[in-house]
Amino acid sequence: MPGMPRAVRNRLPSIGSAKGWSSAWQASPALDSPGRSAHIRAMNAPSDNRPYALAESVDPLVRRVLARNPSPFTFTGTQSYIVGAGAEVAVIDPGPDEAEHLEALIETIGEARIVAICCTHTHRDHSPAATVLRERTGAPVIGCAPLTLDDDGPRLDAAFDPSYRPDRVLADGEAISGDGWTLEAVATPGHTSNHLCFALPESGVLFTGDHVMGWSTSVVSPPDGDMTAYLASLQKLHDREDRIYLPAHGPAVDRPRQLVRGMLGHRRSREKQILKQIREGRTRIGDMVPRMYKGVDERLWPAAGRSVHAHLIDLARRGLVREAGEEWQLA
Ligand SMILES: [Zn+2]
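Residues numbered from 1 in each chain as written. Predicted model: local features only at pLDDT ≥ 70, side-chain atom pairs only at ≥ 80, totals over all residues.

Q: Explain unusual backbone geometry to me, using residue names and the numbers behind them.
A: The phi torsion of most residues other than glycine is negative, and most of the peptide bonds are trans. Cis geometry marks the peptide bond from Pro-222 to Pro-223, where omega comes out at 10 degrees. When you line up the elements, Pro-223 lands in the loop between β11 (205-209) and α5 (227-238). Within the chain, Ala-53 stands out as a residue other than glycine whose phi angle is a positive 60 degrees. Structurally, Ala-53 can be placed in the loop between α2 (35-38) and β1 (55-59). By C-beta crowding, Ala-53 is classed as buried, having 23 other C-beta atoms within 10 Å. Residue Phe-75 is not a glycine yet carries a positive backbone phi of 60 degrees. One can find Phe-75 in the loop between β2 (62-66) and β3 (79-83). Judged by the 27 C-beta atoms lying within 10 Å of it, Phe-75 falls in the buried class. (Helix = DSSP H or I, 4+ residues; strand = E, 2+ residues; numbered from the N terminus. Buried ≥ 20, exposed ≤ 12 C-beta atoms within 10 Å, placed from the backbone.)

The structure is reproduced here in structure tokens:
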């Protein structure tokens, strides 16, 4: 394709300033941005001129290629990761089925053999390229379970990918390995029920998919999204000792436990806000959201309503609220 950027191997990342990161972050209409309180230090500052279809080296064992699918929900786009520096690699979250992105991945991988195409979950901004990459290379798709639902949630780009057919599903703790690397599945349901993170013990990296991102909290959208599971999966990461998180969207998180602690606190404060709304007589989600998300881009309110609903279901399970038709009451 004329004018298509060529993938470049081992292009070193530019180190972004905290200022650049913070201004880019403020410009993005994230649903909830935990970063300010959690002191995220960005390894790469996102900006409008992030390179698409170019391989960036983020670790001796990891290269990253950014897909050109930016949106209020995907930030600068989906980041696919190529793990392995030798003759064997794995690809994590190959991303949307877009020719430019796929060509960049294939060119970056070069002569290496793809041992596994791994997906953290099956939202359409993560997994559709897996099927195409398998067809092109013969590599197996190994990772999260397949999942298709009628209820696709509030974001178009997050609809589930019905084409996803894994060759092998990894259970929590199961690992695959290649030349100089190991990838271990860490089951982290919540954002979706089939969500996996992948740990790379050789580097202390955890690929967090959409479970934990530095630029925004995850959308947790019932019925598949589950706040009880999400909170447990946050606690699970907090109890681990990973050195750095590489999420599917946004910059690397180099103080992961601090971020996760901040996210757990943020969810607790959302819970308190919801209970307060009910006490004050706002018993419908549609009445709670404008109060709770004042100042947030109104385009994101439907997604915010999903997260509030997810919290209410969790609070009901814990016996704190109960559902009465369209309304919610204190139990
Ligand atoms: Zn997702």
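The discussion continues.
Q: Give me helix α7 (residues 285-292): which residues, what numbers.
A: Along α7, the residues that are buried comprise Ile-285, Met-288, Val-289 and Met-292. The buried side chains of α7 occupy one side of the element, clustering within an arc of 100 degrees when seen end-on. Opposite the buried face of α7, by more than 90 degrees, sit the exposed residues Gly-286 and Arg-291. Tucked into the core, α7 has its buried residues touching α6 (256-279) and α8 (301-317). (Arc of directions from axis to C-beta. Contact = placed C-beta atoms within 7 Å.)

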